[in-house]
Amino acid sequence: MSTEIIKQNPFQSMIDRFNIAADILNLDESIKQKLQRPEKQIVVNFSITLDNGTEKNFEGYRVIHNTALGPSKGGIRYDTAVNLDEVKALAAWMTWKSAVTGIPFGGAKGGIICDPRTLSKTELERITRAYTKALADIFGPEKDVPAPDMGTGPDEMGWLMDEFSLVHGKTIHAVVTGKHLHSGGSLGRVEATGRGVSIITLLALEKLKIRPAKSTAAIQGFGNVGLHSALFLYEKGVKIVAVSDVSEAFYNPDGINIPELILYYNLNNKTIKGYPNSVAIKHEDLLLLDVDVLIPAAKEDVITQKNAKDIRAKIIIEAANGPVSSDADKILHENSVLVVPDILANAGGVTVSYFEWLQNSLLESWRIHQINKRLEDILEKGFETVFRVAAKHDVTPRIAAYIIALKKVAETQSVKEVALEAPQFKQN
Ligand SMILES: NC(=O)C1=CN([C@@H]2O[C@H](COP(=O)(O)OP(=O)(O)OC[C@H]3O[C@@H](n4cnc5c(N)ncnc54)[C@H](OP(=O)(O)O)[C@@H]3O)[C@@H](O)[C@H]2O)C=CC1
Ligand SMILES: O=C(O)CCC(=O)C(=O)O
């Protein structure tokens, strides 16, 4: 892969935005300190037997950022680049994401340093079960509820649910979301993040008075989020002119037939490599295309101060978590690029995860149109609130989203602390 990823510290990017919003809100220093730091960070080491009979050790993390608004919630990432600072940033973003959209969860994230592409299905199952066992006292439907992220999906979530249930001696569906339907998953969760990205993209296009059928988009990443974002936008008439995964980036000015590409991807071991009817381009050039919408849907820090000035898209929809580093914010703003932040743009996933958790807890099963309608309502309200607060404070949508989230979490945290500090009177 030829993409040059300039490594920033994603946790520092989170802190930079946090500080701007906290200053606007005039947040008390002690609450600031508390909200910047995770409540808990756990590092686990475990070994599994590989298919060839050898033992291999793995390191995994679970960071619980904040639980003021409810049980902590957030995905688990399998990737060779996973590290504690990345997981800390991702966990904090989950806190702010749930707060912006009004989902009653706190924030957490997990990860294991591994390369899922080189591990067999049975090895992935053993890794997931060992990680779950190590964290069996942390996870729980009212405590900490994992979900998929990069490199994980319904298989891993099903194994996690099963292992957690074995440890606790009963079936506990609501401990994890993003499961297969047969393991208690929800309709609509697989595609929820991409559906949410497409809802937010259409709202952003409307803001700039660009008709979807007249618009163009480039999408970086063709995994769960990139693929579904591409499909839903294609269905709305947006011309997707470029897509990429790790193996390849390609461009077709006439528009890529996304359903055909998905068929190709599914028949070719989940890669877009070698897809005909398009021209190969350099990975880094996809980000600089002259399109209406750029959708980074892969990983953090792909747009930094190094390439921000060369971005030609009118709108960036942050489908990935943290794709724009804080040092690029000012440059993009000065160049009038509308950036819809991750904590709003990709919140469709956690929203439908919340629906899954509710269905599991209530022993219900909702219909798809009900799920999609509620998702749309929540995201439209989130979008409208973020842009209203941005106008009120004359800040970017990102800082507005942080203002909304910080205010909500800080107020709840303070109320809880006052309650804890109050003198306890003995009842006779
Ligand atoms: N899954 C979810 O519900 C949610 C995910 N997110 C965020 O969305 C992002 C993507 O997650 P998800 O789709 O689940 O992950 P997946 O593992 O399903 O897909 C990741 C995709 O990104 C590609 N990719 C990785 N690095 C690069 C690169 N440098 N250039 C181009 N493509 C690259 C991968 O390519 P290849 O397949 O070749 O490895 C793959 O296509 C992450 O930031 C995640 O945190 C946010 C909210 C919810
Ligand atoms: O579905 C969830 O609970 C969380 C998804 C996630 O990890 C994210 O939004 O980044």
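The written sequence of each chain sets the order in which its residues are numbered from 1. The naming scheme follows written order: chains are lettered A onward, ligands numbered 1 onward. For this predicted model, a pLDDT threshold of at least 70 governs which residues receive local features, and a threshold of 80 or more governs which side-chain atom pairs are given and counted, while totals over whole chains, interfaces and linings are taken from all residues. Hydrogens are left out, water is left out, and the side-chain values use all remaining heavy atoms of the structure.

Participant: I'm lost on the site of ligand 2 in this one. Help?
Facilitator: By convention in this text, a residue qualifies as near a molecule or strand provided that one of its non-hydrogen atoms is within 4 Å of it. Near ligand 2 lie 14 residues; those nearest to it are Lys73, Gly75, Lys97, Lys109 and Ser353. Polar contact is the term for a pair of N or O atoms within 3.5 Å; when the atoms are in protein, one must be able to donate a hydrogen and the other to accept it, and sequence-neighboring residues count only if both atoms are side-chain atoms. Note that an oxygen atom of ligand 2 is positioned 2.6 Å from one of the side-chain N or O atoms of Lys97. A distance of 2.6 Å is found between an oxygen atom of ligand 2 and a side-chain nitrogen or oxygen belonging to Lys109. Working definition of accessibility: Shrake-Rupley area with a 1.4 Å probe, residue cover restricted to the visible protein chains. In the complex, 95% of the free accessible area of ligand 2, which totals 300 Å², lies under the protein chains. To qualify as a helix, a DSSP run of H or I must reach at least 4 residues; to qualify as a strand, a run of E must reach at least 2; elements of each kind are numbered from the N terminus. Of all elements in the fold, only strand E3 (72-79), helix H3 (84-101), strand E5 (144-148) and helix H12 (348-362) reach the threshold of two or more residues within the shell around ligand 2.

Participant: Can you walk me through the packing of helix H6 (residues 189-207) against H12 in this structure?
Facilitator: Helix-helix packing: each pair is described by the crossing angle between the helix axes and the interaxial distance. H12 packs onto H6 with a crossing angle of 145 degrees between their chain directions and a minimal axis gap of 7 Å. Between H6 and H12 lies a crossing of right-handed hand. Across the interface between the two elements, Arg189, Ala192, Thr193 and Gly196 of H6 pack against Gly348, Gly349, Val352, Ser353 and Glu356 of H12. Residue type decides the class: Asp, Glu, Lys and Arg count as charged, Ala, Val, Leu, Ile, Met, Phe, Trp, Tyr, Cys and Pro as nonpolar, and the leftover types, Gly among them, as polar. For the contact of H6 with H12, a count of residues per class yields two nonpolar, five polar and two charged. Throughout, an axis means a line fitted to C-alpha atoms (over the contacting stretch in the case of helices), and angles, computed between N-to-C directions, take values from 0 to 180 degrees. With the far helix as reference, a near helix turned anticlockwise by less than a right angle produces a left-handed crossing, and one turned clockwise produces a right-handed crossing. Contacts between residues were defined by any pair of non-hydrogen atoms, one from each residue, lying within 4.5 Å.

Participant: Any chance you could explain the side chain of Asn321 here in plain terms?
Facilitator: Looking at the element boundaries, Asn321 is found in the loop between strand E11 (315-317) and helix H10 (326-334). Here Lys97 takes part through its side chain, which lies 3.0 Å from a polar atom of the side chain of Asn321. Side chain to side chain, Asn321 and Asn346 meet in a polar contact 3.1 Å long. Not counting chain neighbours up to four residues away, the residues in contact with Asn321 comprise Leu90, Trp93, Lys97, Lys109, Asp149, Lys299, Glu300, Asp342 and Asn346.

Participant: What exactly am I supposed to notice about the nonpolar core here?
Facilitator: One recurring pattern in soluble globular proteins is that nonpolar side chains are buried together. In this description, a nonpolar core means a group of buried Ala, Val, Leu, Ile, Met, Phe, Trp, Tyr and Cys residues linked to one another through side-chain atoms lying within 4.5 Å. When accessible area is computed with a 1.4 Å probe and restricted to protein chains, residues below 20% of their type maximum are described as buried, those above 50% as exposed, and intermediate ones as partly exposed. Membership of the largest hydrophobic core comes to 87 residues, with the highest contact counts inside it found for Trp96 and Ile317. Boundary definitions for the domains trace back to an automatic or database domain assignment. Taken together, domain 1 (35-187) and domain 2 (191-345) each give at least three residues to this core, which thus spans both. Once residues within four sequence positions are removed from consideration, Ile317 is found in contact with Val197, Ile200, Thr201, Ala204, Val293, Leu294, Ile295, Pro296, Val340 and Ala345. Val44, Met161, Phe164 and Val176 belong to the second-largest nonpolar core, a separate cluster that totals 28 residues.

Participant: Is there a simple way to think about the domain arrangement of the chain in this case?
Facilitator: Often the size quoted for an interface is simply the accessible area lost on bringing the parts together. If you check the domain split of the chain, you get domain 1 (35-187) and domain 2 (191-345). Spacing between the C-alpha centres of domain 1 and domain 2 amounts to 27 Å. Contact with domain 1, which involves 13 residues of that partner, is made by 10 residues of domain 2. A simple way to read buried area is as the amount of 1.4 Å-probe accessible surface that goes missing from two parts once joined, with both sides added. In total, about 940 Å² of surface goes out of reach between domain 1 and domain 2, with carbon and sulfur atoms giving 52% of it. For the domain 1 face of the interface with domain 2, the top three residues by lost area are Trp93, Lys97 and Arg117, together amounting to 45%. By salt bridge we mean one thing: a side-chain nitrogen of Lys or Arg within 4 Å of a carboxyl oxygen of Asp or Glu. Between the two partners, domain 1 and domain 2, sit two salt bridges. Residue Asp79 is joined to Lys299 by a salt bridge in which the shortest nitrogen-to-oxygen separation is 3.5 Å. In this structure, the connection of domain 1 to domain 2 is made through four residue pairs in polar contact (both at pLDDT 80 or more).

Participant: Quick question: what am I supposed to make of unusual backbone geometry here?
Facilitator: Most peptide bonds are trans, and most residues other than glycine sit at a negative phi. Notably, Asn269 is not glycine yet its phi reads approximately 55 degrees, a positive angle. Under the relative-accessibility criterion, Asn269 is labelled exposed at 62%. Positive phi outside glycine occurs at Leu363, with the angle close to 55 degrees. With respect to the element layout, Leu363 can be found in the loop between H12 and helix H13 (368-393). Take Leu363: its relative accessible area is 78%, and that puts it in the exposed class.

Participant: Is there a simple way to think about the pattern of salt bridges in this case?
Facilitator: Working definition: two side chains of opposite charge can pair if their charged atoms are close together. Overall, the coordinates contain 26 salt bridges when judged by the stated rule. In this structure, the salt-bridge partner of Arg126 is Asp51, at a minimum N-O distance of 3.2 Å. One end of the pair, Arg126, is in helix H4 (residues 121-134); the other, Asp51, is in the loop between strand E1 (40-49) and strand E2 (55-66), with 75 residues separating them in the sequence. Its relative accessible area of 31% is what places Arg126 among the partly exposed residues. Residues Asp329 and Arg398 are paired through a salt bridge, measuring 3.5 Å at the closest nitrogen-oxygen approach. Taken together, the residues span a long stretch of sequence, with Asp329 in helix H10 and Arg398 in helix H14 (residues 397-421) at a distance of 69 residues. Classification of Asp329 by relative accessible area gives partly exposed; the value is 22%. A cluster of three or more residues bridged by salt bridges with shared partners is formed by Arg17, Glu318, Asp329, Asp342 and Arg398.

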